[in-house]
Amino acid sequence: MGIYVFKWSKLKKYLEIDDKTPGSSSDFGKDVIPLMLRANEKMYAYKFNGYWKDVGTIDSLWQANMDLLGENSFELSDDWIIYSRHAEKPPHYVGKDAVINNSIVSEGAVILGAVENSIIFSGVIIGENAVVRDSVIMADVEINKNCVINYSIIDEMVKIGANLKIGRPMGEDSEITVIPRESVINNMGGII
Amino acid sequence: MNALGIIFSDMRDWSMTELASHRSVAAIPFGGRYRLIDFPLSNMVNSGINKVYLITSSNYRSLMEHVGSGKDWDLSRKNGGILTIPPYSAGENHGLYQGRLDALKRVLDYIKSSKESYVVLSDSDMIYDINYNKVIKYHEEKNSDITAVYIKTDINKSDSIHKILYEFDEDGRADDILVYPVTNGNYNIGLNTWVMNKEFLESLIYDAIARNYKDFSFDVLSARVHSLRIYGYEYSGFFAHIDSLQSYYENSMKLLNMDTLKSIFYSNTGPIYTKTKDSAPTKYCKDAIIKNSLIANGCIIEGTVENSILFRDVKVGKNAVVKNSIIMQHGRISDNANINSIITDTYAFVNKDRVLLGYSNCPFFIKKNSVV
């Protein structure tokens with residue numbers, strides 16, 4: 001997982017040796033650890049049993065978000081606080097005709113439409129009769145009324161005009177639709 | 001800004017017995033993630049006031065915990081910042097304050113030591129959104145001794161009896177001030193917010209010491225209305241006076257209106273600051289049903305929530321139904337429980353299958369740490 005704990009004196013020693021080794025790529029996995037192994041240093045592995053995911057691709061980023069909705073995968077709670085920056089926003093408001101199922105919603109959001117299997121960041125506005133499914137909607141996105149959003153990652157501060165369809169329903173051959181930060185999508189065209 | 005803020009944490013807590021039984025009025029949780037103190041404090045910070053004295057009287061532990069160093073309001077600073085002033089328990093001038101003027105007497109040395117030219121006095125039980133710079137400008141224009149912020153409203157619309165009513169002449173100068181009158185109709189109701197020159201406030205306090213005055217409303221405003229230049233500054237936005245369980249409930253429920261929500265939390269004056277807890281966002285499970293509600297972070301909802309306000313870290317179990325209710329921090333509503341028109345204080349636990357019913361004009365209150 002790329003996480004190591006060293007005795008400080010040993011780390012200093014082997015980094016200095018590595019520094020003086022011509023042709024070393026100075027990589028922990030490729031150079032430093034093998035060097036210590038050859039020198040017969042006491043090295044142990046610690047087996048981690050918790051949730052772990054590399055989120056370096058669009059699919060894995062989407063999946064990691066969805067893992068938050070699973071029963072036994074990755075749970076955020078006050079027992080192990082993840083600290084973050086906070087916008088000064090009120091609690092989220094859920095309207096009279098809203099529907100929210102199997103989703104996570106953050107502060108400052110206003111949900112007037114339907115949200116299913118999705119992650120809603122702070123300050124997101126979802127208009128009346130809009131439907132958001134299987135998607136990750138990042139902070140301060142505005143989705144106007146009657147929109148249908150499927151299987152998408154929508155980056156921060158995107159504005160989506162009324163009555164638009166974004167993304168294709170999740171299925172075997174559909175791909176995740178990604179809308180870049182601060183995009184403005186309206187009826188005059190754009191990504192549909 | 002050249003003004004000192006003074007906030008009174010509880011001037012009238014006798015009518016808030018349930019919510020203020022173990023905390024200052026200023027520390028009463030409101031609006032899903034705030035405490036009442038956040039509103040006057042944010043008004044001050046948004047107006048550029050960076051020195052605030054918070055005058056507490058009793059049971060101020062949760063208030064101290066909430067305000068802390070003041071860093072969440074950007075009031076943790078070397079020059080100015082927030083200073084919480086509890087009463088002395090022994091020595092000269094010890095004991096609880098007997099009124100606003102008495103409280104001011106006890107902090108006279110702090111007032112004298114501050115270098116600001118103006119003082120803004122505010123209570124903690126009123127929610128409104130104002131830029132004090134405009135009030136101070138008006139105060140200067142009228143060359144007033146005291147400028148009182150007021151709202152024109154029908155007194156019948158509020159159940160509060162603790163009102164100060166102002167009558168003004170054509171120039172806007174007060175020519176009569178009534179304290180807690182029994183009346184109805186349209187009046188200029190004071191928001192218990194006053195602007196004064198600091199030196200003038202000092203002179204008022206000296207006078208109060210010499211004459212043993214203790215009550216600002218009666219002994220200064222009402223008694224000296226003709227000798228002092230008291231002017232009114234009209235405020236016309238959203239206003240709520242939280243001074244009973246009923247007004248707490250009604251004004252909380254007003255937040256379920258989008259326009260009200262916007263006018264309070266997204267106004268031009270600035271955001272409402274509060275202590276941040278870094279909770280995870282709220283999770284709605286597969287069978288959750290949620291309508292017309294205000295939900296803070298850190299909740300897990302498996303059942304039904306309608307027309308309600310949920311504070312941070314509230315759990316609503318499977319098939320549980322929460323309607324027309326306010327559930328404060330760390331509340332637990334277990335599976336199959338059914339509650340309607342209930343206010344639960346922090347850490348309340350409602351067991352499985354319990355049915356609790358209040359009524360909209362008589363919400364049922366459940367004390368802190370109660371297990372039902």
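Keep in mind the model is a prediction, meaning the values are calculated, not measured.

K.L.:
Requested: an account of the overall build of chain B, with residues and values cited.
P.N.:
Check the secondary structure of chain B and you find nine helices and 28 strands. By principal-axis analysis of the C-alpha atoms, chain B measures approximately 65 × 45 × 35 Å. Counting all 372 residues of chain B, 59% fall into the buried class. In chain B, 59% of the contacts between residues at least 6 apart in sequence involve partners at least 24 apart. Carbon and sulfur atoms provide 46% of the accessible area of chain B, an area that totals close to 15,000 Å².

K.L.:
Explain the side chain of B:N251 to me, using residue names and the numbers behind them.
P.N.:
Residue and element names in this part refer to chain B. As for its placement among the helices and strands, N251 is situated in helix α8 (residues 245–253). A distance of 2.9 Å separates the side chain of N251 from the backbone oxygen of S247, its partner in a polar contact. Among the polar contacts made by the side chain of N251, one reaches the side chain of K254 at a distance of 3.1 Å.

K.L.:
Outline the sheet that holds strand β21 (residues 321–323) of chain B, listing residues and values.
P.N.:
Residues and elements named next belong to chain B. Spatial strand order, β15-β18-β21-β24-β27: five strands in an open sheet with parallel pairing. Every interior strand has two partners, whereas the edge strands, β15 (289–291) and β27 (355–357), have only one. Strand-to-strand twist in this sheet, taken as the mean axis angle between neighbours without regard to direction, amounts to 5°. Judged from the three bridges that link them, β21 and strand β24 (residues 338–340) form a sheet pairing that is parallel. By the bridge assignment for β24, K323 is matched with N340.

K.L.:
Any details on the pairing of strand β8 (residues 146–154) of chain B? Residues and values, ideally.
P.N.:
Within a regular beta strand, the side chains point alternately toward one face of the sheet and then the other, so they alternate between its two faces. All names here are of chain B. Judged from the eight bridges that link them, β8 and strand β11 (residues 186–197) form a sheet pairing that is antiparallel. Bridging from a neighbouring strand, I151 pairs with I189 of β11. Inspection of the sheet shows β8 paired to strand β12 (residues 230–234) by five bridges, in the parallel sense. When the bridges of β12 are listed, V149 appears paired with Y233.

K.L.:
An account of the confidence of the model for chain B is requested, with residue identities and associated values reported.
P.N.:
On average, residues of chain B carry a pLDDT of 90, and 95% of them reach 70 or more. Note on the complex model: pTM 0.90, ipTM 0.87.

K.L.:
Tell me about the pairing of β11(B), residues and numbers included.
P.N.:
All names here are of chain B. In terms of burial, β11 is largely enclosed, as nine of its twelve residues are buried. Both strand β6 (residues 118–122) and β11 contribute to a ladder of five bridges, which runs antiparallel. Bridging across to β11, Y118 finds its partner in N197. Of the strand pairs in this sheet, strand β9 (residues 164–168) and β11 are connected by two bridges, and their pairing is antiparallel. The residue bridging Y166 from the neighbouring strand is N188, located in β11.

K.L.:
Tell me about unusual backbone geometry, and name the residues and values.
P.N.:
Residues and elements named next belong to chain B. The phi angle at N143 is positive, at roughly 50°, despite the residue not being glycine. Summarising the element assignment, N143 is placed in the loop between α5 (132–141) and β8. Take N143: its relative accessible area is 57%, and that puts it in the exposed class.

K.L.:
Explain the packing of aromatic side chains to me, using residue names and the numbers behind them.
P.N.:
Residues and elements named next belong to chain B. Within the structure shown, the criterion is met by 15 aromatic pairs over all chains. Aromatic pair W194 and F216: ring centres 4.8 Å apart, planes at 70°, arrangement edge-to-face. Here F216 lies in helix α7 (residues 216–222) and W194 lies in strand β11, a separation of 22 residues in the sequence. Aromatic ring contacts, followed pair by pair, group F30, Y34, F39, Y248 and F265 into a single cluster. In this structure, R100 is placed above the aromatic ring of F8, and the distance from its NZ or CZ to the ring centre is 4.8 Å.

K.L.:
Lay out the interface of chain B and chain A with the relevant residues and their values.
P.N.:
If you look at the interface, chain B gives 38 residues, while chain A gives 34 residues. Of the roughly 2,900 Å² buried between chain B and chain A, counting both surfaces, carbon and sulfur atoms make up 51%. Contact with chain A buries surface across chain B, with B:D278, B:K283 and B:Y284 losing the most and accounting together for 21% of the total. The interface formed by chain B and chain A contains one salt bridge. We note a salt bridge from A:E107 to B:R33, for which the minimum N-O separation is 3.1 Å. For the pair chain B and chain A, the interface holds 19 residue pairs in polar contact (both at pLDDT 80 or more). Only α9 (258–265), β14 (282–284), β15 and β16 (293–295) of chain B provide two or more residues apiece to the side of chain B that touches chain A. Considered class by class, the residues forming the side of chain B that touches chain A number 19 nonpolar, nine polar and ten charged. Here three bridges tie strand β1 (residues 92–94) of chain A to β16(B), and the two strands are oriented antiparallel to one another.

The rules behind each value
- Residues numbered from 1 in each chain as written.
- Chains lettered and ligands numbered in written order.
- Predicted model: local features only at pLDDT ≥ 70, side-chain atom pairs only at ≥ 80, totals over all residues.
- Heavy atoms only, no water.
- Helix = DSSP H or I, 4+ residues; strand = E, 2+ residues; numbered from the N terminus.
- Buried < 20%, exposed > 50% of the residue type's maximum accessible area, 1.4 Å probe, protein only.
- Contact = heavy atoms within 4.5 Å.
- Areas by Shrake-Rupley, 256 points an atom, 1.4 Å probe, with all protein chains shown as cover.
- Polar contact = N/O pair within 3.5 Å; in protein donor to acceptor, adjacent residues only side chain to side chain.
- Pairing = 2+ DSSP bridges.
- Axes fitted to C-alpha atoms, helices over the stretch in contact; angles between N-to-C directions.
- pLDDT = per-residue confidence, 0-100.
- Phe/Tyr/Trp six-rings, centres within 6.5 Å; stacked < 30°, edge-to-face > 60°.
- Lys NZ or Arg CZ within 6 Å of the ring centre and 35° of its normal.
- Buried area = accessible area lost by both parts, 1.4 Å probe.
- Salt bridge = Lys/Arg side-chain N within 4 Å of Asp/Glu carboxyl O.
- Nonpolar A, V, L, I, M, F, W, Y, C, P; charged D, E, K, R; others polar.

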